[in-house]
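# An overview of the molecular structure
Chain residues, written in single-letter form:
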Amino acid sequence: MATAKPARKRGSEVKEHLFIWEGKSKEGRATRGEIRAASQTAAQAMLRRQGVLVTKIGKQRFKSGSKITDKDITLFTRQLATMMKAGVPLLQAFDIVGKGHSNPSVGKLLLDIKGDVETGSSLSQAFRKYPLYFDALFCNLVAAGEQAGILETLLDRLATYKEKMQALKSKIKSALFYPMSILIMAFVITAVIMIFVIPAFKEVFKSFGADLPTPTVIVIAMSDFFVEYWWLIFGSIGGAIYAIKEAYKRSEAMQIALDRFALKAPIFGDVIRKATVARWTRTLATMFAAGVPLVEALDSVGGAAGNYVYKMATKDIQNEVSTGSNLTSAMQNSKLFDNMVLQMVAIGEESGALDGMLEKVAGFLEAEVDDAVEALASLMEPMIMAVLGVLIGGLVIALYLPIFKLGSVVG
């Protein structure tokens with residue numbers, strides 16, 4: 001009586017490794033290559049069945065590389081798109097990019113994906129196994145390209161999209177980096193003055209035997225607090241930053257609150273809002289142009305916007321569109337898009353060129369972000385210099401007031 005083999009439990013799949021081998025073929029010619037197998041013994045057995053006499057075999061070792069960044073994935077996407085458009089077969093393209101990448105972590109990831117494709121997985125299925133690096137938008141576009149037989153075209157579009165998003169993120173970071181770095185340096189310099197410089201002046205002032213001016217007394221009191229509780233000040237600042245980051249990751253209410261504040265923040269709020277809408281419209285344009293239905297495309301758009309307020313609003317827009325509303329009306333009901341965006345989307349819907357209009361909106365907003373970042377840089381520099389001048393200058397004046405007072409008495 002035949003018995004059925006016990007089904008393999010989910011999650012118990014044997015992990016395969018990449019082995020490098022050298023040997024001789026049936027004809028006696030020296031040959032070498034690589035093979036994926038669960039173990040070295042299994043690899044040798046597979047090679048024997050192929051008629052290869054193995055003389056040397058070993059598991060491929062990867063150097064420990066740095067963390068895989070979005071920039072690495074963007075570069076890989078562009079390289080893969082370029083090679084596929086040039087006619088390089090998919091597996092060979094993975095091999096070239098994986099072995100030639102400067103980051104060993106990326107090389108290992110790409111060779112693992114190549115192994116999944118070799119064993120029968122589609123490219124989109126292989127990417128979906130690594131959601132930390134390939135989001136739903138990436139996988140959906142690759143799946144659409146595979147189904148339509150235009151994978152190289154959609155990879156090129158995806159690479160362009162990721163390059164645009166990378167450039168936009170860099171501009172926002174550069175706009176925020178300069179003032180933040182200056183403020184951090186100002187705090188460090190102030191702390192050094194409070195902890196090391198003012199106590200030395202305090203000893204000199206004691207020898208005066210006279211009452212000190214009020215600003216000097218206040219500064220000395222602040223210095224005493226810094227000297228006694230410096231560990232509490234630095235610990236509180238570090239703890240507050242860590243607590244906010246963790247709360248943002250874990251708490252939906254905190255995400256909504258901080259993202260709402262970012263959109264309404266003075267000076268930077270308008271830039272962040274325009275950058276968010278630019279990401280939203282470019283993502284939707286890319287998905288729609290790839291042939292993804294509008295309702296399905298909106299699934300990926302909310303998360304790609306990078307702001308929780310727009311993510312939640314996109315769900316409402318998706319629900320309205322799925323019940324028969326047009327995109328313009330649904331966007332208007334969210335009250336998050338200005339008239340220019342709504343009018344362009346309406347024209348796109350009426351003319352049947354929605355993806356083109358969304359691309360134009362994204363390009364226009366990205367140009368506005370560029371101009372705003374340049375204007376902010378030129379505006380923030382004198383403002384920061386003025387703040388630093390008042391802060392550091394005020395401390396210096398407070399320290400020298402007793403000396404000036406002593407000079408006038410002696411005079």
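What comes next is a walk through the structure. Throughout this document, residue positions are counted from 1 along each chain, in the order its sequence is written. Note on the predicted model: pLDDT of at least 70 is required for a residue's local features to be given, and 80 or more for side-chain atom pairs to be given and counted; whole-chain, interface and lining totals, by contrast, use all residues. Excluded from the side-chain calculation are hydrogens and water; included are all heavy atoms of the structure.

### Let's talk about the nonpolar core
Stated formally: Buried residues of nine kinds, namely Ala, Val, Leu, Ile, Met, Phe, Trp, Tyr and Cys, make up a nonpolar core once their side-chain atoms join them within 4.5 Å. Exposure classes here rest on a 1.4 Å probe applied to the protein chains alone. A residue is buried below 20% of its type maximum, exposed above 50%, and partly exposed in between.
Membership of the largest hydrophobic core comes to 75 residues, with the highest contact counts inside it found for Phe127, Trp280 and Phe337. One finds Ile193, Phe205, Ile233 and Leu395 within the second-largest nonpolar core, a separate group that totals twelve residues.

### What to know about the packing of helix α6 (residues 136-148) against helix α7 (residues 151-206)
Applied cut-off: Orientation is described by axes fitted as lines to C-alpha atoms, over the contacting stretch for helices, and by angles from 0 to 180 degrees between their N-to-C directions. Only DSSP runs of H or I with at least four residues qualify as helices, and only runs of E with at least two residues qualify as strands; both kinds are numbered from the N terminus onward. By definition in this entry, angles of less than 35 degrees are roughly parallel, angles greater than 145 are roughly antiparallel, angles of 65 to 115 are roughly perpendicular, and the rest are oblique. In a left-handed crossing the near helix is turned counterclockwise from the far helix by less than a right angle, and in a right-handed crossing that turn is clockwise. In this description, contact between two residues means that some pair of their heavy atoms is separated by no more than 4.5 Å. Residue polarity is assigned by list, with Asp, Glu, Lys and Arg as charged and Ala, Val, Leu, Ile, Met, Phe, Trp, Tyr, Cys and Pro as nonpolar; anything else, Gly included, falls into the polar class.
The N-to-C vectors of α6 and α7 enclose an angle of 155°; their axes lie 8 Å apart at closest approach. Here α6 is positioned roughly antiparallel relative to α7, judged by the angle of their axes. In this structure, the crossing between α6 and α7 has a hand that is right-handed. For the pair α6 and α7, contact is made by Leu137, Phe138, Leu141, Val142, Ala144, Gly145 and Glu146 and by Leu151, Leu154, Leu155, Leu158, Tyr161 and Lys162, respectively. A breakdown of the residues in the contact of α6 with α7 according to their chemical character gives ten nonpolar, one polar and two charged.

### Notes on the packing of helix α3 (residues 90-100) against helix α4 (residues 104-118)
α4 packs onto α3 with a crossing angle of 165° between their chain directions and a minimal axis gap of 8 Å. It follows from the interaxial angle that α3 and α4 lie roughly antiparallel. For the pair α3 and α4, the crossing hand works out as left-handed. Between α3, through Leu90, Leu91, Phe94, Asp95, Val97 and Gly98, and α4, the contact on the second element is made entirely by Gly107, Leu110, Leu111, Ile113, Lys114, Val117 and Glu118. Along the lines of polarity and charge, the residues of the contact of α3 with α4 split into eight nonpolar, two polar and three charged.

### Some thoughts on a nonpolar patch on the surface
How we decide: Patch membership needs two things, relative accessible area over 30% and no salt bridge, and members are linked within 9 Å if like-charged or within 5 Å if nonpolar (Val, Leu, Ile, Met, Phe, Trp, Tyr). For the area figures, the Shrake-Rupley method with a 1.4 Å probe applies, and any residue is considered shielded solely by the protein chains shown. In what follows, salt bridge is the name for a side-chain nitrogen of Lys or Arg lying within 4 Å of a carboxyl oxygen of Asp or Glu.
The grouping of Ile184, Val188, Val192, Phe196 and Val197 at the surface amounts to a nonpolar patch, some 440 Å² of accessible area in total. Relative to the assigned elements, Phe196 resides in helix α7.

### Side note on the environment of Phe337
Structurally, the position occupied by Phe337 is in the loop between α13 (327-334) and α14 (339-351). In this structure, the C-alpha to C-alpha distance between Phe337 and Tyr310, residues 27 residues apart in sequence, is 9.9 Å. Leave out the neighbours within four places in its chain, and Phe337 touches Val277, Trp280, Tyr310, Ile317, Met331 and Leu342.

### Examining the pattern of salt bridges
This structure, assessed with the given rule, holds 16 salt bridges. For the salt bridge of Lys114 with Glu118, the shortest nitrogen-to-oxygen distance reads 4.0 Å. Of this pair, Lys114 and Glu118 both sit in helix α4, four residues apart, which is roughly one turn of that helix. Lys114 sits in the buried class, given a relative accessible area of 9%.

### Description of α14
Every α-helix carries 3.6 residues per turn, so stepping three or four residues along brings you back to the same face. Note the following rule: To estimate the expected span of a helix, count its residues, drop one, and scale the result by 1.5 Å. For this quantity, the arc is that covered by the directions from the helix axis to the C-beta atoms.
Look at α14: 18 Å from first C-alpha to last across 13 residues, which is about the 18 Å you get at 1.5 Å a residue. Regarding α14, the residues found buried are Val341, Leu342, Val345 and Gly348. Take α14 and look down its axis: the buried residues cluster within an arc of 125°, on one side only. Seen from the buried face of α14, the exposed residues on the opposite side, beyond 90 degrees, are Asn339, Gln343 and Glu350. Backbone geometry just after α14 places Gly352 at a positive phi near 75°.

### Description of α6
Taking 1.5 Å per residue, 13 residues should reach 18 Å; α6 reaches 18 Å between its end C-alpha atoms and fits that length. For α6, the full list of buried residues reads Leu137, Phe138, Cys139, Leu141, Val142, Ala143, Ala144 and Gly145. Elements in contact with the buried residues of α6: α2 (70-85), α5 (123-128), α7, α10 (269-289) and α11 (294-304). At the exit of α6 stands Gly149, carrying a positive phi of roughly 75°.

### A short note on unusual backbone geometry
The backbone of Lys335 shows a phi angle near 60°, a positive value even though the residue is not glycine. Relative to the elements of secondary structure, Lys335 occurs in the loop between α13 and α14.

### Some thoughts on the packing of aromatic side chains
As a reminder, the rule being used: Put simply, two rings from Phe, Tyr or Trp (the six-membered ring, in Trp's case) pair if the centres are within 6.5 Å, and we call them stacked under 30 degrees between planes, edge-to-face over 60, tilted for the rest.
Scanning all chains against the criterion turns up 13 aromatic pairs. Pairing Phe201 with Tyr400 gives two aromatic rings, centres 5.9 Å apart and planes at 65°, and the pair type is edge-to-face. Taken together, the residues span a long stretch of sequence, with Phe201 in helix α7 and Tyr400 in helix α15 (residues 354-410) at a distance of 199 residues. Judged by relative accessible area, which is 36%, Tyr400 ranks as partly exposed. Centre to centre, the rings of Phe225 and Tyr229 are 5.1 Å apart; their planes meet at 45°, and the pair counts as tilted. Of the two residues, Phe225 and Tyr229 both sit in helix α8 (residues 214-250), four residues apart, roughly one turn of that helix. Overall, the relative accessible area of 30% leaves Tyr229 in the partly exposed class. Members of the aromatic cluster, joined through ring pairs, are Phe76, Phe94, Phe127, Phe134 and Phe138.

### Re the side chain of Ser124
Inspection of the secondary structure assignment puts Ser124 in helix α5. Under the relative-accessibility criterion, Ser124 is labelled buried at 6%. If we skip the residues at most four places from it in the chain, Ser124 touches Cys139, Val142, Ala143 and Glu146.

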